[in-house]
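Structural overview for review
Next come the chains, spelled out residue by residue.
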Amino acid sequence: MAAITRLAKRASFVSSLATRTLTSSQVNAPPHAAATFRRFPPRDNPSKRCVQWVFLGCPGVGKGTYASRLSNLLAVPHIATGDLVRDELASSGPFSSKLSDIVNQGQLVSDEIIISLLSKRLGAGEAKGELGFILDGFPRTIKQAEILEGVTDIDLVINLKLREDVLLEKCLGRRICNQCGGNFNVASIDIKAENGSPGIIMAPLLPPVNCMSKLITRSDDTEAVVKERLRIYHEMTQPVEEFYRSRGKLLEFNLPGGIPESWPKLLQVLNLDDCEDKRSAAA
Ligand code: AMP
């Protein structure tokens, strides 16, 4: 398949990226974290500040939020295949006419199309000198995971987890500014602890005043479509968690709340430090 051949060309790019092993005790990871996983920069060549990470997790869990924050912190691109699909839909690219119904019904785009879109994006990045990435929304099937594993050595797969009733509320509360592209959420989650399950509080992530009148809702964020996307996640993507777990690459991360609680904890688990965050907190 031509698209896969193009992705396979990534092998030369990724094989040049050294990795080092980080054990869960070194990163102070919770007991459910994978025993070992790898991250950049490599000790033997710190000039290659590259990570190749994947974010897994149900729709609405916050993959985009945390992948984008980590991409800023680690200076690697955040590549969301959902964004590639939406860009293709908005263009008159070769796949746009096929995609709209699939996405609006919450179904997965074919492996061939998604690999072609991703391969194009990775190729463009390579031409600009990109040396790593944080993938969000890919792989979503075992076949995609096998193809990716065949051409790269993914360092780490972060599996974000949140209870399902919260996922639904978060998807329904999601808003996007159609001018600046910013992602916001108007849902205010306040679930009390019950029957041994912990409570969870997530404040809304409100837009600045100048985005207020420009907010739009994704066409696939309706209740029926979100439920279908969750069903498809369990059927098609959950096996991908096991794929990476069995390779010692999966880091399970239960979100304890909104960004103020979750971000520092995620950084701690990853043994990373956000100096910018500390500076703004101290200001
Ligand atoms: P997302 O923004 O990640 O929720 O993705 C939006 C939609 O794009 C999904 O519901 C799928 O239709 C499509 N999509 C994104 N990534 C993939 C993928 N890796 N495989 C198949 N379809 C995808």
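Rules used in this analysis
Residues numbered from 1 in each chain as written. Predicted model: local features only at pLDDT ≥ 70, side-chain atom pairs only at ≥ 80, totals over all residues. Heavy atoms only, no water. Phe/Tyr/Trp six-rings, centres within 6.5 Å; stacked < 30°, edge-to-face > 60°. Lys NZ or Arg CZ within 6 Å of the ring centre and 35° of its normal. Pairing = 2+ DSSP bridges. Helix = DSSP H or I, 4+ residues; strand = E, 2+ residues; numbered from the N terminus. Axes fitted to C-alpha atoms, helices over the stretch in contact; angles between N-to-C directions. Near = heavy atom within 4 Å. Polar contact = N/O pair within 3.5 Å; in protein donor to acceptor, adjacent residues only side chain to side chain. Areas by Shrake-Rupley, 256 points an atom, 1.4 Å probe, with all protein chains shown as cover. Parallel < 35°, antiparallel > 145°, perpendicular 65-115°, else oblique. Contact = heavy atoms within 4.5 Å. Nonpolar A, V, L, I, M, F, W, Y, C, P; charged D, E, K, R; others polar. Expected span 1.5 Å × (residues − 1). Buried < 20%, exposed > 50% of the residue type's maximum accessible area, 1.4 Å probe, protein only.

Topic: the packing of aromatic side chains
A complete count under the given rule lists 2 aromatic pairs for this structure. With centroids separated by 5.1 Å and ring planes inclined at 85°, the aromatic side chains of F243 and Y244 adopt a geometry described as edge-to-face. Of note, R247 hangs over the ring of F243, and the distance from its end group to the ring centre comes to 3.7 Å.

A short note on the sheet that holds strand β6 (residues 156-161)
Taken in spatial order, the 5 strands make up an open sheet running β4-β5-β3-β6-β12, and their pairing is parallel. Each edge of the sheet is formed by a strand with only one pairing partner; in this case those strands are β4 (78-80) and β12 (250-254). Sheet twist, expressed as the average angle between the axes of neighbouring strands with direction ignored, equals 20°.

Description of the site of the ligand
Surrounding the ligand, one finds 15 residues, the nearest of these being T81, R86, Q107, G137 and R140. With respect to the ligand, the backbone of G137 contributes an N or O atom lying 2.9 Å from a nitrogen atom. For the ligand, whose free accessible area comes to 480 Å², the fraction covered by protein is 95%. The greatest single-element share of the shell around the ligand, amounting to 4 residues, is contributed by helix α4 (residues 81-90).

So, the packing of α4 against helix α6 (residues 111-127)
Packing of α4 against α6 leaves a shortest axis separation of 10 Å and a crossing angle of 95°. With respect to their mutual orientation, α4 and α6 come out roughly perpendicular. Between α4 and α6, the contacting residues are T81, L84, V85 and E88 on the first element and I114, L117, L118 and R121 on the second. The residue inventory of the contact of α4 with α6, partitioned by class, reads 5 nonpolar, 1 polar and 2 charged.

Concerning α6
For α6, built from 17 residues, the straight-helix expectation of 24 Å at 1.5 Å per residue is met to within 8% by its first-to-last C-alpha distance of 24 Å. What α6 keeps buried is the set D111, I113, I114, I115, S116, L117, L118, S119, L122 and G125. One or two residues past the end of α6 sits G129, with phi positive at roughly 95°.

The quantities given are spatial measurements derived from coordinates; they are silent on function.
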